[in-house]
Amino acid sequence: MTTETQVIDEGGHDHEHAHSPHLQHHFDTLDQQFNAGKLGMWLFLATEILLFGGLFVAYAIYRNLHPEIFEYGHHFLDPKLGGINTAVLILSSFTMAAAVRFAQEGKQGMLKLCLVLTLCGACGFLGIKYIEYSHKMVHGIFPGKYYNPDEHILEEELLGAHGHGAVAEHGRDHASSSGEETHGEGAHEESTQSAEASAQAAPAEGEFVIEKSQIVEAPEGPEGMVGIVHEKPELPKRPEKAHVFFGIYYLMTGLHGIHVLIGMCAIGWVFFRSTRGEFGPDYFTPVDLVGLYWHLVDLIWIYLFPLLYLIH
Amino acid sequence: MATTTDTLPGRPYGEVEGNYLTHERGLLSWLTTVDHKRIGVMYLACISGAFLLGGIFAMVIRWELFSPGPTVPGLNADRYNQIFTLHGAIMTFLVIIPGIPAALGNFVLPMMLGAKDVAFPRLNLASWYLWVTGAIFAVTSLVMSAADTGWTFYTPYSTTTQTAVIPMTIGAFILGFSSIFTGLNFIVTIHKMRPDGLTWFKLPLFLWGIYATAIIQIIATPVLGITLLLLIAERVLGVGIFDPTYGGDPVLFQHFFWFYSHPAVYIMILPAMGIISEMIPVFSRKHIFGYTAIAYSSIAIAMFSFIVWGHHMFAAMSPLANMVFSAVTFSVSIPSAVKVFNWTATMYKGSIRLATPMLYALSFLFLFTIGGLTGLYLATLGTDIHLHDTYFVVAHFHYVMVGSTMIAFIGGLHYWWPKIFGKMYSEKWGNVGCIVTFLGFNITFLPQFVLGMRGMPRRYYDYIPEFEALHRLSSIGAFIMGIGLFVTLFCLVYSLFKGKPAPDNPWGSASMEWQATSPPHYHNFTKPPKVGDPYDYTDLVWDPKSEGYYRKAEGQGAA
Ligand code: HEM
Ligand SMILES: [Cu+2]
């Protein structure tokens, strides 16, 4: 037994120059260990891209077959919030990259600071995402078969962007009164009916008269007064498969959100280890790998943002 | 005592001290191990259990089909649907896909490289736990109200049936990640853990097979993951991607599914081909013929496998797409045939020894040829319209999945058994098990080709009386095969307790894992292994006393 162990020890120590506590027993050198980790991470990122790839394909197919649902649906996404979120994520990617650099240089304080900043960015992103989601959900914009939007939600989205709170409230009243009718199957037919009904019933109070119906209106007066009509926004009619857009929207951003959460856990773990001063010029693999992962999460969002928010 | 002198002319070790099986004891030491050898053994045990479960379901299916009308007491048509779904899902996701890479690959791969472990041992253990979790979900579905969609989960049925589809799909999703992490681990290990001098073209062909498999695992499996997530979302939320009720396209699901599952059939077969490439030269005592051709054909198969998925949907695509997919499917058979010809050429003029592993290798050649060639009938547009969704397809894929992959798996298990457990099994009973299984298999599935040609649809509970004779024959074959597998099981398990201690190199193989003791030390090698041509048997000498081989040069040097 003793002879045997000796043989192994010799074999093992031949290559081990570093004797680093971070060197796992089955690697010969820290370099080899680092390269293995890095290759593994890149492969993992490839699988992540392919995982999202399925969703991107679904997006492409439906965008191709039913462009109208994207044309319609994107009105409900707020490019401002989306844009802020994009900026937040890019910034957090920057702080993450800086963290890797500081880890390599062994600057413990800056490393910790940058990790915390990255975490703040991630929290900010999810916070804004929460606002976006809840804003949709209070109006019944749920994915798939639960999609049951308030009748006036579209007007509100369009006009709300111009800052007309009064109209928004007006819309919501009607939605709650007509909400019951739109439940259940065949929601599409009923909803167009009720849209017309509510449009008729609605007295023209406030600055705007809002029409959802596609029926061309009779001119309201002499030629000279038609100018007012121009101020009515052109409201697109809700296409039959509108809910598919929101299904895709929630799935894509939801899966991305889950990745943000996972990324936060990973960053938190690296932060914890950094508080114990584990990283330095010899050993910074975990910071590097988590950084790679975080950049991928960022990158995916950079594709999601224009695909979903910036449709024209 | 395993001193240098002890490793001389392969003396049986009895108990090798410090071997991986005994250096730590207790259940916990297994459940927390990061040793690739132990993880391989744990996979082996669990996969065998799943194989048994799936096999029981198979027997119920064949019993039901023994005669037309209701046959098994208490089994109605709906139950029958659940039974064949469970059979298919368990066998595919729990047994055949992980089988060879996770059980045998885990054990052998680092040793073939002369490495101490895979690149990420903890990830390796995590993969095993993912496998177990996935299995638990699959069994949950069984207990709740087993899914009855078939293993392919086709929409819209899978989005509307009342059975527990979701646990089954979650299970398959988790198993997918287990498979991804195994593949990732293997790719990194092969890239980064090779010792100096072990170039790509000195790798044993089993590693080329595993490598090609790992590429598919990494590229295809995430797509299965997202497909199953979308299926779950469709069931729960009705997002309208696959389900026509909500405006979705059911054929899109089939495209997504087969984009994974066609490559997945090569996840099953490539490692099997790798095992055959190891066993045939060893038992022919001849260098492998066409090493580079076999190596490259593994990669070629992996690449081709991604562009042929459409052949599962000839009924649902445009004529142009059909023609393209048909043509590409034909091209896949070229690299497969390259391998078969090379194996045959390896045996030519070799001195063939019909040991149990070699019997399995020969069975493989025979069965894979039938399975592969019948694939061409299915790849032909005209014939596939007739044969699609009949027993012909069932027979085809059983010839390749069971007749080839499972046979190679069991053959490989016999081949590496002495290394893994340090015990020799009984040659006689090994042979008997192999021959009975082989006969039973053919009696089961040859009649199914005929049934399919005559129009017997797959997945039916009942059939017209004209089909009775062939169905009966098939069922009898299945029971014979079951007996053969049990003989094999007993032969192997018996050897654990009563088998003779194995020498280090019982077959005279030249690849590196045989330079370790049997069973290996927990660090794999007691002295740095020598890199050489893995198929050069010239200086391996038989030592009748130890009933094993040793290297001439080495013996002299050390003596
Ligand atoms: C060697 C060349 C091969 C060719 C040309 C080929 C061709 C085909 C074709 C065209 C089909 C579709 C039949 C139909 O549904 O109408 C099919 C089905 C199938 N093949 Fe192959 N195949 C080959 C090898 C393999 C291998 C190696 C495996 C597995 C190890 C395999 C497993 C399967 C399975 C599981 C199915 C049916 C799946 C289902 O519908 O449940 N095939 N094959
Ligand atoms: Cu296929």
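So, here's what we can say about the structure. (Residues numbered from 1 in each chain as written. Chains lettered and ligands numbered in written order. Predicted model: local features only at pLDDT ≥ 70, side-chain atom pairs only at ≥ 80, totals over all residues. Heavy atoms only, no water.)

### Considering the packing of helix H10 (residues 242–275) of chain A against helix H11 (residues 285–309) of chain A
Residues and elements named next belong to chain A. Where we set the bar: Axis definition: a line fit to C-alpha positions, over the contact stretch in the case of helices; interaxial angles, taken between N-to-C directions, run 0 to 180 degrees. Only DSSP runs of H or I reaching four residues or more are called helices, and only runs of E reaching two or more are called strands; each is numbered from the N terminus. Any angle that falls under 35 degrees is termed roughly parallel, while one over 145 is termed roughly antiparallel, one within 65 to 115 roughly perpendicular, and all others oblique. Handedness of a crossing follows from how the near helix is turned relative to the far one, being left-handed for an anticlockwise turn of less than a right angle and right-handed for a clockwise one.
Their axes nearest at 10 Å, the elements H10 and H11 cross at an angle of 160°. The angle between H10 and H11 places the two elements in the roughly antiparallel class. When the axes of H10 and H11 are compared, the crossing they make is left-handed.

### Digging into the interface of chain A and chain B
Stated precisely, the cut-off is as follows: Here, residues are in contact when the closest pair of their heavy atoms is within 4.5 Å. Joining two parts hides part of their accessible area as seen by a 1.4 Å probe, and the buried area is that hidden amount summed over both. Any Lys or Arg side-chain nitrogen located within 4 Å of an Asp or Glu carboxyl oxygen qualifies as a salt bridge. Basically, the charged four are Asp, Glu, Lys and Arg, the nonpolar ten are Ala, Val, Leu, Ile, Met, Phe, Trp, Tyr, Cys and Pro, and anything else, Gly included, counts as polar.
Taken together, the contact between chain A and chain B spans 38 residues of the former and 48 residues of the latter. Interface area for chain A against chain B, summed over the two sides, is near 3,600 Å², with a carbon-plus-sulfur share of 72%. If you look at where chain A meets chain B, you find zero salt bridges. Mapped onto the side of chain A that touches chain B, the elements with two or more residues apiece are helix H1 (2–15), helix H2 (30–65) and H10 of chain A. Of all the elements, H2 of chain A adds the most residues to the side of chain A that touches chain B, at 17 residues. Of the residues contributing to the side of chain A that touches chain B, the split by class is 21 nonpolar, 14 polar and three charged.

### Observations regarding the pairing of strand S4 (residues 548–551) of chain B
Residue and element names in this part refer to chain B. What counts, and what does not: At least two bridges found by DSSP between two strands are what make those strands a pair.
The pairing of strand S3 (residues 540–543) with S4 spans four bridges and is antiparallel. Looking across to S4, one finds that leucine 540 is bridged to arginine 551. With antiparallel pairing between neighbouring strands as the criterion, S3 and S4 make up a hairpin whose turn holds four residues, including glutamate 547 at a positive phi of roughly 55°.

### Remarks on the site of ligand 1
Residue and element names in this part refer to chain B. To keep it simple, the criterion reads: Proximity is defined per residue: any heavy atom of the residue falling within 4 Å of a molecule or strand makes that residue near it. Within 3.5 Å is the distance limit for a polar contact, defined as a pair of N or O atoms, with the added protein rule that one can donate a hydrogen and the other accept it, and that residues adjacent in sequence qualify only through two side-chain atoms.
Around ligand 1 lies a shell of 21 residues, among which Asp384, His388, His396, Phe397 and Arg458 are the nearest. One nitrogen or oxygen atom from the side chain of arginine 458 is found 2.7 Å from an oxygen atom belonging to ligand 1. Listed by contribution, the elements that provide at least two residues to the shell around ligand 1 are helix H8 (250–284), helix H11 (356–379) and helix H13 (391–421). The residue inventory of the shell around ligand 1, partitioned by class, reads twelve nonpolar, seven polar and two charged.

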